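The chain contents come next:
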Amino acid sequence: MKHTRPRSADLGGLHLATAGSGFGQGWLGYSGDMQTRFAELLTSMYTETSNVVNERDAEFAPTDLPAETRTRLIHSLDSWNFEPHKLPDEEALACTMMLFEALFRIEHMQDSLGLSLKDQIYPLIHHLRRIYRWENTYHNFEHALDVLQCTYIFLRSAGMVPSVSILLDEDPQSSWTSQRQFDSGPLMTCLGLKEIFVVYIVAIGHDVAHPGFTNLFMKNAETPLSMVYDGKSALEQMHCSLLLKVMRHYGLGPLLDDTSSGTQCVKKLLSETVLATDMSVHGAFMKNFKSLIDDDLAEPTREGRIGKEGEGQLWRRQVLLCEALMKCADISNPFRPYHVSQHWAAALMGEWTSQAMLEKCMDLPTTVQCSGDPLSEANGQVFFIDTFAKPLLELVVEAVPGEY
Ligand SMILES: [Zn+2]
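Parameters at a glance
- Residues numbered from 1 in each chain as written.
- Predicted model: local features only at pLDDT ≥ 70, side-chain atom pairs only at ≥ 80, totals over all residues.
- Heavy atoms only, no water.
- Helix = DSSP H or I, 4+ residues; strand = E, 2+ residues; numbered from the N terminus.
- Areas by Shrake-Rupley, 256 points an atom, 1.4 Å probe, with all protein chains shown as cover.
- Donors = N, O, S within 2.8 Å, 3.2 Å for Na, K, Ca; no water.
- Tetrahedral: all angles 85-135°; square planar, octahedral: opposite > 155°, others 65-115°.
- Buried < 20%, exposed > 50% of the residue type's maximum accessible area, 1.4 Å probe, protein only.
- Phe/Tyr/Trp six-rings, centres within 6.5 Å; stacked < 30°, edge-to-face > 60°.
- Contact = heavy atoms within 4.5 Å.
- Core = buried A, V, L, I, M, F, W, Y, C linked by side-chain atoms within 4.5 Å.
- 1 Å grid on protein atoms, 1.4 Å probe; cavity = no way out; pocket = protein on both sides within 12 Å on 5 of 7 lines; lining within 4 Å.
- Points joined across faces, edges and corners; volume = space filled by probe spheres on them.
- Nonpolar A, V, L, I, M, F, W, Y, C, P; charged D, E, K, R; others polar.
- Axes fitted to C-alpha atoms, helices over the stretch in contact; angles between N-to-C directions.
- Parallel < 35°, antiparallel > 145°, perpendicular 65-115°, else oblique.
- Expected span 1.5 Å × (residues − 1).
- Polar contact = N/O pair within 3.5 Å; in protein donor to acceptor, adjacent residues only side chain to side chain.
- Disulfide = S-S within 2.5 Å.

Visitor: Where do I start with the overall build of the chain in this structure?
Guide: Each helix and strand in the chain was counted, giving 18 helices and zero strands. When the accessible area of the chain is evaluated, it comes to approximately 18000 Å², of which 56% is carbon and sulfur surface.

Right under this line is the structure:
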């Protein structure tokens, strides 16, 4: 069953509202100038989001799926053809829960985090899902699950997390231990249990409450959100602050403030990783990650690195690796099989088309591509792959070679 949240200020309504000469008959009505109506849209979005964020007693009871459905979903999660947009809502939610359930089968994971799957993680995920705007054609919960599943596939391939098929094990208590020793040299081993958990949480929460507009649009339109953050990664700062708030609500505060692993606190790692998903800081990330690879080549042993850089080197490796994993997963659409990739490209185009329409109505510069011309859409994809996706993936492959 799909959600029934009222479509008070959604992008579908926006289509109607701005249709024709910019004075359609949608929820915005006939009167008022565009600036006023846009301000109403933002206010409505803001109120709706803060209402859902602050809901203290969102009841949640996981649905018991039939055994055959659960098995089918487990197999689909293990596939690179994963298509969350084809799943009914309750199955998409179940898939998310199962990825965390399998994560908690890692020996000592639960003790190390001091969290309960049933009482904290499941209600937290359920709450986050409600804050995602299902009206967005791209930045919705399906995208979040897609990014989480991709992150899982990366970490499973690197021998850092168990296959989700561990859930098919007859023994519900069966646990899994990685063969890889913590901080033993290869970059991937710099992730401990808490850092792996952070990557999972960021994957599912990194776009929470996304309004369906880009940072550049928000800046050009002088939205309050963009002004508050001085036009710097306004969306990502908002995602991060909401994610932290909801996490604290479910008792994850002590974990966020934890510094016992000897590096910075967990909250800092989480924030840095969310902020790295802003593509406007992509160039800076690539430079920093390249310099980490060069330093590793110059000083391949852990002892040598500590001698040179002190304990700070572990923190630097953790942040850059978490950011790299998240960025790769966030822009992984073109790496998926063609038909899957095609779905995501069309979904993003739908969101951009709504924004371009609004830019036109508000006399703002057009900053995104509109759908309608298949050739320019294809060229847009080729440009994105050549400029961002491929160089990023090549650099990460260099840093994390297939050595397992
Ligand atoms: Zn994203």
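The structure having been displayed, the exposition proceeds.
Visitor: Hey, could you run me through the coordination of the zinc ion in this one?
Guide: Geometry reference: four tetrahedral donors at a metal, ideal angle 109.5 degrees. Six octahedral donors, ideal angles 90 or 180 degrees. The protein atoms donating to the zinc ion are His143 (NE2), His206 (NE2), Asp207 (OD) and Asp330 (OD), with metal-donor distances spanning 2.1 to 2.2 Å. Coordination geometry of the zinc ion: the four donor atoms subtend angles of 88 to 177° at the metal centre, consistent with an arrangement described as irregular. Mapping the donors of the zinc ion onto the primary sequence yields the spacing H-x62-H-D-x122-D. On the criterion of sequence distance, the pair formed by His206 in the loop between helix H8 (193-205) and helix H9 (215-220) and Asp330 in helix H16 (residues 312-330) is long-range, its members being 124 residues apart. With respect to class, His206 is no different from Asp330; both count as buried.

Visitor: Could you clarify how one ought to interpret the packing of aromatic side chains in this entry?
Guide: Centre distance and the angle of the planes are the two values used to describe a pair of aromatic rings. Under the criterion given, the structure shown has nine aromatic pairs. Here the aromatic rings of Phe104 and Phe197 are separated by 6.4 Å at their centres, their planes lie at 70°, and the arrangement is edge-to-face. Residue Phe104 is found in the loop between helix H4 (89-103) and helix H5 (109-113), and its partner Phe197 is found in helix H8; the two are separated by 93 residues along the sequence. Pair check on accessibility: Phe104 and Phe197 agree, each one buried. Look at Phe285 and Phe289: their rings are 5.3 Å apart centre to centre, the planes differ by 20°, and that puts the pair in the stacked class. Of this pair, Phe285 and Phe289 both sit in helix H14 (residues 282-298), four residues apart, roughly one helical turn.

Visitor: Teacher, can you tell me more about unusual backbone geometry here?
Guide: Peptide bonds are mostly trans, and most non-glycine residues show a negative phi. Despite not being glycine, Asp183 shows a phi value in the positive range, around 50°. Inspection of the secondary structure assignment puts Asp183 in the loop between helix H7 (141-157) and H8. The exposure class of Asp183 is buried, given its relative accessible area of 6%. Phi is positive for Asp363, close to 55°, though the residue is something other than glycine. For Asp363, the position within the fold is in the loop between helix H17 (338-361) and helix H18 (374-399).

Visitor: Before we go on, may I ask you to explain the environment of Tyr229 in this structure?
Guide: If you trace the backbone, Tyr229 turns up in the loop between helix H10 (224-228) and helix H11 (234-249). If near-sequence neighbours (up to four positions away) are discounted, Tyr229 is found in contact with Ala234, Gln237, Met238 and Ser241.

Visitor: Looking at this structure, how should I read the nonpolar core?
Guide: Considering soluble globular proteins, one finds that nonpolar side chains tend to be buried as a cluster. Core analysis: the biggest nonpolar cluster contains 111 residues, and Phe100, Phe197, Leu270 and Phe289 have the highest contact counts within it. With eleven residues, the top contributor of residues to this core is H16. Residues in contact with Phe197, not counting those within four places in the same chain, are Phe100, Leu103, Phe104, Leu113, Leu115, Ile121, Leu252 and Leu255. Within the second largest apolar cluster, five residues are counted, among which are Tyr138, Trp344, Ala347 and Leu348.

Visitor: What is the right way to read the layout of surface pockets from this model?
Guide: The method is simple in principle: a probe with the dimensions of a water molecule rolls over the atoms, and the space it marks as empty is what remains. Within this model, the largest pocket holds a volume of roughly 1200 Å³. Contributing to the lining of the largest pocket are 39 residues, with Thr214, Met279, Leu348, Trp352 and Phe384 lying nearest its centre. For the lining of the largest pocket, the secondary-structure elements that each account for two or more residues are H9, H11, H17 and H18. Of the residues contributing to the lining of the largest pocket, the split by class is 16 nonpolar, 16 polar and seven charged. Computed from the structure, the second largest pocket encloses a volume of approximately 510 Å³. Elements supplying a minimum of two residues to the lining of the second largest pocket: helix H2 (34-54), H10 and H11. A per-element tally of the lining of the second largest pocket places H2 first, with seven residues.

Visitor: It is not clear to me how the packing of H2 against H11 should be interpreted in this structure. Could you clarify?
Guide: Axes are the key here: two packed helices are described by the angle between their axes and the distance separating the axes. Interaxial distance between H2 and H11 falls to 10 Å at its minimum, and their mutual angle equals 25°. Put simply, H2 runs roughly parallel to H11. Packed against H2, whose contacting residues are Thr49, Val53 and Asn54, the element H11 presents Leu242, Lys245 and Val246 at the interface. Grouping the amino acids of the contact of H2 with H11 by side-chain chemistry returns three nonpolar, two polar and one charged.

Visitor: Looking at this model, I keep getting lost on the side chain of Ser271. Mind explaining?
Guide: Along the chain, the position of Ser271 falls in helix H13 (residues 266-275). Owing to a relative accessible area of 15%, Ser271 belongs among the buried residues under this scheme. Contacts of Ser271, omitting those with residues within four sequence positions, involve Cys240 and Leu244.

Visitor: Please clarify how helix H6 (residues 117-131) should be interpreted in this entry.
Guide: Counting along an α-helix, one turn takes 3.6 residues, and residues three or four places apart therefore face a common direction. Between the first and last C-alpha of H6 there are 20 Å, a value that for 15 residues agrees with the 21 Å anticipated at 1.5 Å per step. Looking only at H6, the buried set comprises Leu117, Gln120, Ile121, Tyr122, Pro123, Leu124, Ile125, His126, His127, Leu128, Arg129 and Ile131. The inward-facing, buried residues of H6 abut H2, H4, H7, H8 and H11. Between a side-chain oxygen at the N-terminus of H6 and the backbone nitrogen of Lys118 the separation is 3.4 Å; the capping residue is Ser116.

Visitor: Looking at this structure, how should I read the state of the cysteines?
Guide: A covalent bond between the sulfur atoms of two cysteines is what we call a disulfide. The full count for this structure, using the stated rule, is zero disulfides. We note that Cys328 lacks a disulfide partner, and the nearest cysteine sulfur, in Cys150, lies 7.8 Å from it. Residue Cys328 is classed as buried on the basis of its relative accessible area of 2%.

Visitor: When you look at the environment of Leu93 in this model, what are you seeing that I'm missing?
Guide: Secondary-structure assignment places Leu93 in helix H4. A sequence separation of 52 residues divides Leu93 from Leu145, and the C-alpha atoms of the two residues are 8.5 Å apart. Excluding residues within four positions of it along the chain, Leu93 makes contact with Phe60, Ile125, His126, Arg129 and Phe141.

Distances and angles like these do not, on their own, reveal function.
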